[in-house]
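Spelled out from the first residue to the last, the chains are:
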Amino acid sequence: EAQVTQNPRYLITVTGKKLTVTCSQNMNHEYMSWYRQDPGLGLRQIYYSMNVEVTDKGDVPEGYKVSRKEKRNFPLILESPSPNQTSLYFCASSTPRGGTNTDTQYFGPGTRLTVL
Amino acid sequence: AQSVTQLDSHVSVSEGTPVLLRCNYSSSYSPSLFWYVQHPNKGLQLLLKYTSAATLVKGINGFEAEFKKSETSFHLTKPSAHMSDAAEYFCVVSLTTDSWGKLQFGAGTQVVVTP
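Residue positions are counted from 1 within each chain, in the order its sequence is given. Chains carry letters from A onward and ligands carry numbers from 1 onward, assigned in written order. Where totals are concerned, whole chains, interfaces and linings use all residues; where local detail is concerned, this predicted model gives features only for residues with pLDDT of at least 70, and gives and counts side-chain atom pairs only at 80 or more. Based on all heavy atoms of the structure, the side-chain values leave hydrogens and waters out of the count.

Engineer: Give a description of the overall build of chain A that names residues and reports values.
Structural biologist: Strands here mean DSSP runs of E at least two residues long; helices mean DSSP runs of H or I at least four residues long; both are numbered from the N terminus. Regarding its fold elements, chain A presents zero helices and 11 strands. When its helices and strands are written in sequence order, chain A yields β-β-β-β-β-β-β-β-β-β-β. Seen through its C-alpha atoms, chain A measures out along the principal axes to roughly 45 × 30 × 25 Å. Taken across its 116 residues, chain A has 49% of its residues classed as buried. By definition in these notes, contact holds between two residues if any of their heavy atoms fall within 4.5 Å. Once local pairs closer than 6 in sequence are excluded, the contacts in chain A between residues at least 24 apart make up 55%. The protein chains shown are the only cover counted for residues, whose accessible areas, like all others here, come from Shrake-Rupley with a 1.4 Å probe. Of the accessible surface of chain A, which amounts to about 5,500 Å², a share of 51% is contributed by carbon and sulfur atoms. Placing the 13 positive and 10 negative side-chain charges of chain A at their respective mean positions leaves the two points 6 Å apart. Under the scheme applied here, a residue whose accessible area is under 20% of the maximum for its type counts as buried, over 50% as exposed, and between as partly exposed, the area being computed with a 1.4 Å probe on protein chains only. Only four residue types enter the tally: Lys and Arg on the positive side, Asp and Glu on the negative side, with His and both chain ends excluded. Charge positions come from single atoms, namely NZ of Lys, CZ of Arg, CG of Asp or CD of Glu.

In structure tokens form, the structure reads like this:
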């Protein structure tokens, strides 16, 4: 089954304690992205990756790091989380570049993060 | 610079009546445009995607959208609303020439369907 998995699904942590949210896809997609969703703001892209070792900033990259060492995995790292990073996070993967109207983007189930 | 604006934050329709969700974009080139749906406590699902092919794009669940360059619009429509269409809808523009790179989401339109 084609899917994007995220772990953990729920996380409560404290300010300054480093954490990693994992994202994995089983569709051999080149593109992967991280988004955060906040009430009234819609989704905002944090980082995206076009392929292994190729990443770029989205709209709100401050306070986040990513890495893409393998095609299937795209972890999101918060080195020193702060309360303003409390949010719902989504990972997504997409079919290869140059897609037609039939290609699509798959989203993970989301990770709800609370930073106290 | 590219951006996307959803003109209505909330839309209420009766079951069986048409749905219209409005989206305007600004772009220095012909962008890729998308509509996504998010049902309560669920992830996002792509409804349809425009990538400079046919200007009328048909998506899943009976939705379609028309790309109008002269009006810089990409409105989403459905002829007859169903209760299961109650959800939040996002219009999205690609900020790069490759469709799946940097994406910017609109603020969303919450759709309520009444019996």
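That was the structure; now back to the text.
Engineer: Tell me about the interface of chain A and chain B, and please be specific about residues and values.
Structural biologist: On the side of chain B, 21 residues touch chain A, which itself brings 26 residues to the contact. Buried area between chain A and chain B, summed over both chains or domains, comes out near 1,800 Å², and the portion from carbon and sulfur atoms is 50%. Salt bridge, as used here, is a side-chain nitrogen of Lys or Arg placed within 4 Å of a carboxyl oxygen of Asp or Glu. Along the contact surface separating chain A from chain B lie zero salt bridges. Here a polar contact means two N or O atoms within 3.5 Å. Within protein one must be a hydrogen donor candidate and the other an acceptor candidate, and residues neighboring in sequence count only if both atoms are side-chain atoms. Counting the contacts that link chain A with chain B gives three residue pairs in polar contact (both at pLDDT 80 or more). Elements represented by at least two residues in the side of chain A that touches chain B include exactly strand S4 (31-38), strand S5 (42-51), strand S9 (87-94) and strand S10 (105-107) of chain A. Of the residues forming the side of chain A that touches chain B, the biggest block, five residues, is contributed by S5(A). Think of it as three bins: nonpolar holds Ala, Val, Leu, Ile, Met, Phe, Trp, Tyr, Cys and Pro, charged holds Asp, Glu, Lys and Arg, and polar takes everything else, Gly as well. Partitioned by chemical class, the residues of the side of chain A that touches chain B number eight nonpolar, 14 polar and four charged. The term buried area means the drop in 1.4 Å probe accessible area that two parts suffer when joined, counted for both and summed.

Engineer: Requested: an account of unusual backbone geometry, with residues and values cited.
Structural biologist: With an omega dihedral of -5°, the bond running from Asn7(A) to Pro8(A) counts as a cis peptide bond. Structurally, Pro8(A) is set in the loop between strand S1 (4-7) and strand S2 (10-13). For Asn61(B), which is not a glycine, the phi torsion comes out positive at approximately 60°. Take Asn61(B): it is sitting in the loop between strand S7 (56-58) and strand S8 (64-68). Although it is not a glycine, Thr72(B) adopts a positive phi angle of roughly 45°.

Engineer: Explain the pattern of salt bridges residue by residue, including any values.
Structural biologist: A full pass over the atoms with the stated rule returns seven salt bridges over all chains. Arg36(A) is the partner of Asp38(A) in a salt bridge, and the nearest nitrogen-oxygen pair spans 2.8 Å. A single burial state applies to Asp38(A) and to Arg36(A), both of which are buried. Lys58(B) is the partner of Glu64(B) in a salt bridge, and the nearest nitrogen-oxygen pair spans 2.8 Å. Overall, Glu64(B) belongs to the partly exposed group, its relative accessible area being 24%. Of the residues examined, Lys58(B) reaches a relative accessible area of 61% and is grouped as exposed. Among the charged side chains, a salt-bridge network with shared partners connects Lys18(A), Lys65(A) and Glu79(A).

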